[in-house]
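Here's the letter readout for the chains.
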Amino acid sequence: MLSGLKIWHPFTQEALDPAPLRIARAQGVYLYTDDGRRLIDGISSWWVNLHGHCHPAIVAAIAEQAAKLDHVLLAGFSHEPVEELSALLRKVLPANLDHIFFSDNGSTAVEVALKIAVQYWKNIGQPEKRAIVALEHAYHGDTVGAMSVSAASGFTDPFRDLLFPVQRVPSAYCYRCPVGKVRSSCNIDCVEQLRRLLEEKHGEIAAVIVEPLLQGAGGMIVHPVEFLQRVRRLCDEHEVLLIADEVLTGFGRCGKMFACELAGVAPDLMCLSKGLTGGVLPMGATVCTGQVHEAFVSEDRTRTFYHGHSYTGNPVAAAAGVANLRIFETEPVFERIAKIAQIHRERLEAIREHPAVGDTRSIGVVAAIELRADDAGYFSKLRPRLYKFFLKKGVLLRPLGNVIYVLPPYVISEQDLHFIHDRIAESLALCA
Ligand SMILES: Cc1ncc(COP(=O)(O)O)c(C=O)c1O
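Below, the structure is looked at part by part. Treat the numbers as computed from the prediction; the structure is a model and nothing was measured.

Description of the sheet that holds strand S10 (residues 241-245)
Then step 1. The mixed open sheet is built from seven strands, whose spatial order is S4-S12-S11-S10-S7-S5-S6. Each having just a single partner strand, strand S4 (97-103) and strand S6 (167-169) make up the two edges of the open sheet. Strand-to-strand twist in this sheet, taken as the mean axis angle between neighbours without regard to direction, amounts to 20°.
Then step 2. As paired elements, strand S11 (residues 269-272) and strand S12 (residues 284-289) share four bridges and run antiparallel to each other. Looking at S12, one finds that Met-270 is bridged to Val-287.
Then step 3. Packing of helix H3 (residues 80-92) onto the sheet brings it into contact with S4 and S11, and relative to S4 it is tilted by some 140°.
Then step 4. Against the sheet, helix H6 (residues 192-201) touches strand S5 (131-135), S6 and strand S7 (205-210), its axis set at about 150° to S6.

Laid out in structure tokens, this is it:
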């Protein structure tokens, strides 16, 4: 290894965690370490990769674009890659979302959505509508605004005093139902608290933010579609904006291009990142309705949205995004997703009754197993044990505490997917 600045790795406790593995190259679903080992990337490198690593069409698009126009600021300028990407997105997004604001990553896509929502009400003469409602178990990123709307956790505790106050309401975590019901007989009663809150305080509330249908970092919690539908209806009834954070769920993860589609719901704002470039280059985007955008168009400059990052709309990242969306048009991506979903369901069914297993859940390409644990949560002692076990067996999985999950690139072979599920079944012996 070269000597230089010591790299401070994210989400890593140097005193306890194993030394980072050096990856020399990647291809398809495989990561190759520089000492010659091959790992199956079972989590799409933090949920970003869609069509396999180093997909030739994305690699070629990046090379071609980098040689033509590497970067130019987006304030006062435009270029073909962002325009083409915007045109392709327009075809796949809910029809009401017709404006796009680019940024760099998932957290910034969320920050932008929150700021647009708050300024929207100010611009239309209702500045008192500035509170944000968010769900328990939510995760929206690591910047201060995104942490504020995320649920309180070990990640956010050191910064508690810096976070802005948020109205917190229950999420539809059926395995640990917040209102003590069971799904087979409930009437989505967990949404009642949101209903009461909006009824009483809608005059102060700018927006409700949700991870639609799947709360990722909170433990791969899958919501019934009716929950999202009810949230949408309540927002409509009480004139509150709905922000769908599709940073994780977007681009096919849940079985449709966007999770909102599965519930037939169109939000007012949507946050995109991760899969936007096929998981190759950083890019974020916040899309919104014409109605929201219109509130910012004025001869009065104070109504402008004064927000922008240096790399906003970077042409090379946008070219990767275009190539990514073309792959959806030219390859059988949704057939691959459906096959993965079917294998997940079968394999989860087979382990559901294992004594170590508390709950199994899946949606699209995501399969999760919540293990029984006295110390349930991200800091469960099961996590490091399982992480090491899977790496030893040649699979990259990063359990969220006592929740093991699989979220592979869509090109994973049936054989490799079964291999991962076989290793998970084996790992249950470590947990019983
Ligand atoms: C739903 C959701 N929103 C936002 C983010 C933040 O994205 P980023 O890590 O790119 O800032 C994440 C990251 O995992 C996420 O899952």
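Examining the environment of Ala-60
Then step 1. Topologically, Ala-60 is positioned in helix H2 (residues 56-68).
Then step 2. Relative accessible area serves as the criterion here: at 43%, Ala-60 is assigned to the partly exposed category.
Then step 3. Placed 259 residues apart in sequence, Ala-60 and Ala-319 show a C-alpha to C-alpha distance of 9.6 Å.

Examining the sheet that holds strand S2 (residues 30-33)
Then step 1. Taken in spatial order, the four strands make up an open sheet running S1-S2-S3-S15, and their pairing is mixed. The open sheet is flanked by strand S1 (23-27) and strand S15 (395-396), the only strands paired with a single partner.
Then step 2. Note: strand S3 (residues 38-41) against S15, two bridges, orientation parallel. Counted as the bridge partner of Asp-41 is Leu-396 from S15.

Digging into the packing of aromatic side chains
Then step 1. With the rule as written, the count across this model stands at 13 aromatic pairs.
Then step 2. With centroids separated by 4.8 Å and ring planes inclined at 85°, the aromatic side chains of Phe-155 and Tyr-378 adopt a geometry described as edge-to-face. Of this pair, Phe-155 sits in the loop between helix H5 (144-149) and S6 while Tyr-378 sits in the loop between strand S14 (366-371) and helix H12 (382-392), placing them 223 residues apart in sequence.
Then step 3. Between Phe-389 and Phe-390, the ring centres sit 5.5 Å apart and the planes meet at 75°, which makes this aromatic pair edge-to-face. Note on accessibility: Phe-389 and Phe-390 belong to one class, buried.
Then step 4. Taken together, the ring pairs connect Phe-11, Trp-46, Tyr-139, Phe-155, Tyr-378 and Phe-379 into an aromatic cluster.
Then step 5. Stacked on the ring of Tyr-30, the Lys or Arg Arg-38 has its end atom at 3.8 Å from the ring centre.
Then step 6. Here Arg-383 stacks its cationic end above the ring of Tyr-387, 5.9 Å away from the centre of that ring.

Description of the environment of Lys-256
Then step 1. Along the chain, Lys-256 turns up in the loop between S10 and helix H8 (259-262).
Then step 2. For Lys-256, a relative accessible area of 40% corresponds to the partly exposed category.
Then step 3. The sequence separation of Lys-256 and Gly-364 amounts to 108 residues, and the corresponding C-alpha distance is 7.9 Å.
Then step 4. Among residues more than four places away in sequence, those in contact with Lys-256 are Glu-261, Leu-262 and Phe-334.

Comments concerning the environment of Lys-6
Then step 1. On the secondary structure map, Lys-6 appears in the segment before S1.
Then step 2. Considering only alpha carbons, one finds Lys-6 and Glu-237, 231 residues apart in sequence, at a separation of 53 Å.

Digging into helix H4 (residues 106-123)
Side chains that are three or four residues apart share a direction in an α-helix, a result of its 3.6 residues per turn.
Then step 1. With 18 residues, H4 should cover 26 Å at 1.5 Å per step; its first-to-last C-alpha distance of 25 Å lies within 8% of that length.
Then step 2. With 15 of its 18 residues buried, H4 lies for the most part within the structure.
Then step 3. Between the side-chain oxygen at the start of H4 and the backbone nitrogen of Ser-107 there is a gap of 2.9 Å, and the oxygen is on Asn-105.
Then step 4. At the exit of H4 stands Gly-125, carrying a positive phi of roughly 85°.

Definitions and cut-offs
- Residues numbered from 1 in each chain as written.
- Predicted model: local features only at pLDDT ≥ 70, side-chain atom pairs only at ≥ 80, totals over all residues.
- Heavy atoms only, no water.
- Pairing = 2+ DSSP bridges.
- Helix = DSSP H or I, 4+ residues; strand = E, 2+ residues; numbered from the N terminus.
- Axes fitted to C-alpha atoms, helices over the stretch in contact; angles between N-to-C directions.
- Contact = heavy atoms within 4.5 Å.
- Buried < 20%, exposed > 50% of the residue type's maximum accessible area, 1.4 Å probe, protein only.
- Phe/Tyr/Trp six-rings, centres within 6.5 Å; stacked < 30°, edge-to-face > 60°.
- Lys NZ or Arg CZ within 6 Å of the ring centre and 35° of its normal.
- Expected span 1.5 Å × (residues − 1).
- Polar contact = N/O pair within 3.5 Å; in protein donor to acceptor, adjacent residues only side chain to side chain.

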